[in-house]
Amino acid sequence: MSRTDPVAIVTGGSFGAGREIARALASRSYAVVVVYLRDQGEAEAAVEEILAANGTALAVRADVTDELDVERLFDETKAAFGDVDVVVHAAMRATSVVNQQAARQLRHGGAIVDVSSCHAITPDLAHQLRARDITVNGLAAGLEPPGADHHTAELIALLDHWRGRPGQ
């Protein structure tokens with residue numbers, strides 16, 4: 001992995017929409033951290049899928065409701081891959097804990113995307129991060145279940161645009 005490859009943390013990355021997003025980001029040269037809480041086997045399987053497709057990934061167990069655990073998650077990510085560029089929050093809880101740590105630790109020009117739809121991203125967070133050129137977005141679930149193909153495609157298109165790679 002070159003130092004120019006972006007680093008993404010995907011909470012809830014071991015199943016459903018989070019897993020799809022982790023695979024899609026890895027296919028676009030992101031080093032991906034798949035965050036799980038309970039099912040280590042599923043997280044390791046998600047990482048194996050990414051590695052089999054020549055991507056870069058690792059699984060990290062973290063309770064996203066625990067501030068110290070989320071801080072450790074960012075520390076382990078930095079130790080493995082370097083500074084974090086993108087946080088995709090696909091876990092169905094603790095948006096504020098993850099966003100607070102992302103606000104402290106994201107690289108200048110990074111991005112936070114919440115696809116969990118359990119809490120709205122506050123305008124205060126977006127305003128606070130504007131000075132560091134960090135993009136904050138939320139994708140609200142519609143009538144279809146989370147993880148429907150168009151939700152993943154929309155997120156990847158959003159991150160491609162953020163990264164300056166429209167249409168890829």
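Heads up: the structure comes first, above all this text.
Residues numbered from 1 in each chain as written. Predicted model: local features only at pLDDT ≥ 70, side-chain atom pairs only at ≥ 80, totals over all residues. Heavy atoms only, no water.

Draft legend 1. Region of the structure containing the nonpolar core. Ile9, Val87 and Ile112 are the most contacted members of the largest nonpolar core, which totals 25 residues. Not counting residues up to four positions away in its chain, the partners in contact with Ile9 are Val33, Val35, Leu73, Phe74, Thr77, Val84, Val86, Val87 and Val88. Core analysis: the next-biggest nonpolar cluster, separate from the first, contains 21 residues, Ala8, Ala22, Tyr30 and Val32 among them. (Core = buried A, V, L, I, M, F, W, Y, C linked by side-chain atoms within 4.5 Å. Buried < 20%, exposed > 50% of the residue type's maximum accessible area, 1.4 Å probe, protein only. Contact = heavy atoms within 4.5 Å.)

Draft legend 2. Summary view of a negative patch on the surface. Taken together, the side chains of Asp66, Glu67, Glu71 and Asp75 present a region of like negative charge at the surface. Here Asp66 lies in the loop between strand 3 (56-61) and helix 3 (67-81). (Patch = residues over 30% accessible without salt bridge, like charges linked within 9 Å, V, L, I, M, F, W, Y side chains within 5 Å. Areas by Shrake-Rupley, 256 points an atom, 1.4 Å probe, with all protein chains shown as cover. Salt bridge = Lys/Arg side-chain N within 4 Å of Asp/Glu carboxyl O. Lys, Arg positive; Asp, Glu negative; His and termini not counted. Charge placed at Lys NZ, Arg CZ, Asp CG, Glu CD. Helix = DSSP H or I, 4+ residues; strand = E, 2+ residues; numbered from the N terminus.)

Draft legend 3. Region of the structure containing the sheet that holds strand 3. With parallel pairing, the six strands of this open sheet are ordered in space as 3-2-1-4-5-6. Two strands close off the open sheet at either side, each with one partner strand: strand 3 and strand 6 (135-138). This sheet shows a mean twist of 15° between the axes of neighbouring strands, independent of strand direction. In the packing of helix 2 (residues 40-52) onto the sheet, contacts are made with strand 2 (31-36) and strand 3, and the angle to strand 3 comes to roughly 170°. Packing of helix 3 onto the sheet brings it into contact with strand 1 (7-11), strand 2, strand 3 and strand 4 (86-89), and relative to strand 3 it is tilted by some 155°. (Pairing = 2+ DSSP bridges. Axes fitted to C-alpha atoms, helices over the stretch in contact; angles between N-to-C directions.)

Draft legend 4. Seen up close, unusual backbone geometry. Although it is not a glycine, Ser29 sits at a positive phi angle of roughly 75°. Following the sequence through the fold, Ser29 ends up in the loop between helix 1 (16-26) and strand 2.

Draft legend 5. How the structure looks around the pattern of salt bridges. This model, assessed by the stated rule, comprises six salt bridges. As a salt-bridge pair, Glu76 and Arg72 come within 2.7 Å of each other at their nearest N and O atoms. Of this pair, Glu76 and Arg72 both sit in helix 3, four residues apart, which is roughly one turn of that helix. Residue classification places Arg72 among the partly exposed positions, given a relative accessible area of 26%. Among the ionic pairs, Asp85 bridges to Arg107, the shortest N-O distance being 3.4 Å. With Asp85 in the loop between helix 3 and strand 4 and Arg107 in the loop between helix 4 (95-105) and strand 5 (111-114), this residue pair connects regions lying 22 residues apart in the sequence. When salt bridges with common partners are traced through the structure, they connect Arg19, Arg23, Glu42 and Glu49 into a single cluster.

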